[in-house]
Amino acid sequence: MKHILIIWLLIGMAFGQSSHRDLTTELLKDLHKAISDSTSITSDSLTISFVDDIGLETYLNSCLPEAIRETEKDAIGVSITDIMLTINSSSPKSMRNPRYLRQLELNVLFVHGGKEYGWSGKISDNLSKVQLKSLLDEEIPIQVRGDYSSGEPAGILIVLTTLGVFSLGAALFFIRT
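Numbering of residues starts from 1 in every chain and runs along the sequence as written. In keeping with the model being predicted, local features are shown solely for residues with a pLDDT of at least 70 and side-chain atom pairs are shown and tallied solely at 80 or more, while totals for entire chains, interfaces and linings include all residues. Processing note: side-chain calculations cover all non-hydrogen atoms of the structure and skip hydrogens and water entirely.

(A) Expanded view of the overall build of the protein. Going along the chain from the N terminus, every DSSP run of H or I of four or more residues is numbered as a helix, and every run of E of two or more is numbered as a strand. The secondary structure content of the protein amounts to 6 helices and 5 strands. Listed N to C, the secondary structure of the protein is α-α-β-α-α-β-β-β-α-β-α in terms of helices and strands. Only protein chains enter the accessibility calculation, which uses a 1.4 Å probe; a residue is then buried when its area is under 20% of its type maximum, exposed when over 50%, and partly exposed in between. The burial tally for the protein puts 32% of its 177 residues in the buried class. Contacts in the protein between residues far apart in sequence, at least 24 positions, make up 64% of those at least 6 positions apart. Each accessible area value is a Shrake-Rupley result obtained with a 1.4 Å probe; residue values ignore everything except the protein chains displayed when judging cover. For the protein, the exposed surface amounts to about 11,600 Å²; the carbon and sulfur share of it is 59%. In what follows, residue pairs with any heavy atoms lying within 4.5 Å of each other are defined as contacts.

(B) Spatial organisation of the environment of Pro 98. Within the secondary structure, Pro 98 sits in the loop between strand S2 (74-89) and strand S3 (99-112). C-alpha separation for the pair Pro 98 and Lys 129, spaced 31 residues apart in sequence, amounts to 6.3 Å.

(C) Spotlight on the nonpolar core. Counting 29 residues, the largest nonpolar core has Leu 31, Phe 50 and Leu 106 as its most contacted members. Elements that contribute at least two residues to this core include exactly helix H2 (20-39), strand S1 (46-50), helix H3 (57-63), S2, S3 and strand S4 (115-128). No other element matches H2, which puts 6 residues into this core. Contacts of Leu 31, omitting those with residues within four sequence positions, involve Ile 48, Phe 50, Val 78, Leu 106, Val 108 and Trp 119. Only buried residues count toward a nonpolar core, which is a set of Ala, Val, Leu, Ile, Met, Phe, Trp, Tyr and Cys residues joined through side-chain atoms within 4.5 Å. Membership of the second largest hydrophobic core comes to 5 residues, among which are Ile 87, Tyr 100, Leu 127 and Leu 135.

(D) Up close: the packing of aromatic side chains. Stacked, tilted and edge-to-face pairs are distinguished by plane angle, under 30 degrees for stacked and over 60 for edge-to-face with tilted covering the rest, among Phe, Tyr and Trp rings (Trp via its six-membered ring) whose centres lie within 6.5 Å. Overall, the coordinates contain 2 aromatic pairs when judged by the stated rule. When the ring of Phe 110 is compared with that of Tyr 117, the centres are 5.2 Å apart and the planes differ by 15°; the resulting orientation is stacked.

(E) Layout of the pattern of salt bridges. For salt bridges, the criterion is a side-chain nitrogen of Lys or Arg within 4 Å of an Asp or Glu carboxyl oxygen. Scanning all chains against the criterion turns up 2 salt bridges. With a closest N to O distance of 3.4 Å, Lys 29 and Glu 26 form a salt bridge. Pair noted here: Lys 29 and Glu 26 are both in helix H2, with a separation of 3 residues, about one helical turn. Relative accessible area serves as the criterion here: at 33%, Lys 29 is assigned to the partly exposed category. Of the charged contacts, one joins Asp 125 and Arg 102 as a salt bridge, the two residues approaching to 2.6 Å between their closest N and O atoms. In this pair, Asp 125 sits in strand S4 while Arg 102 sits in strand S3, placing the two residues 23 residues apart along the sequence.

As structure tokens, then:
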């Protein structure tokens, strides 16, 4: 029984990371609640959709949960003023096990009853280096900003170190013979 529990824990840790899409979905749930609170429309009958033509509206509309997209009673169009995804190093002291802070910030405007509302939301989580590398391969139309690559060694340093190790190995080989 103990071995089965350990296996399930390891499987859970391997698939525990959230993608950029999952992070965006969580932020859009917060936006839905904020629009519902601001407009006094029940969240069950509120539908939001992004109406801008900047290329992000299709991505953000696809990230909306199905429950938010299903109803057609009270539809509110949301325009994006700014969206930013940043990944910064959160533990500069440890080069061995670096952690990264991923933040998604969204600023929008929406109109209801002739009144314009602004909303700004931010959501963040922590990533390991392995999770960061797998997430950087994910397709996302938002430009990723931050200092997530500053901890990586320079390419020339890697080449010089490799050549130094090979030359040391060759020298030791010739000394031995």
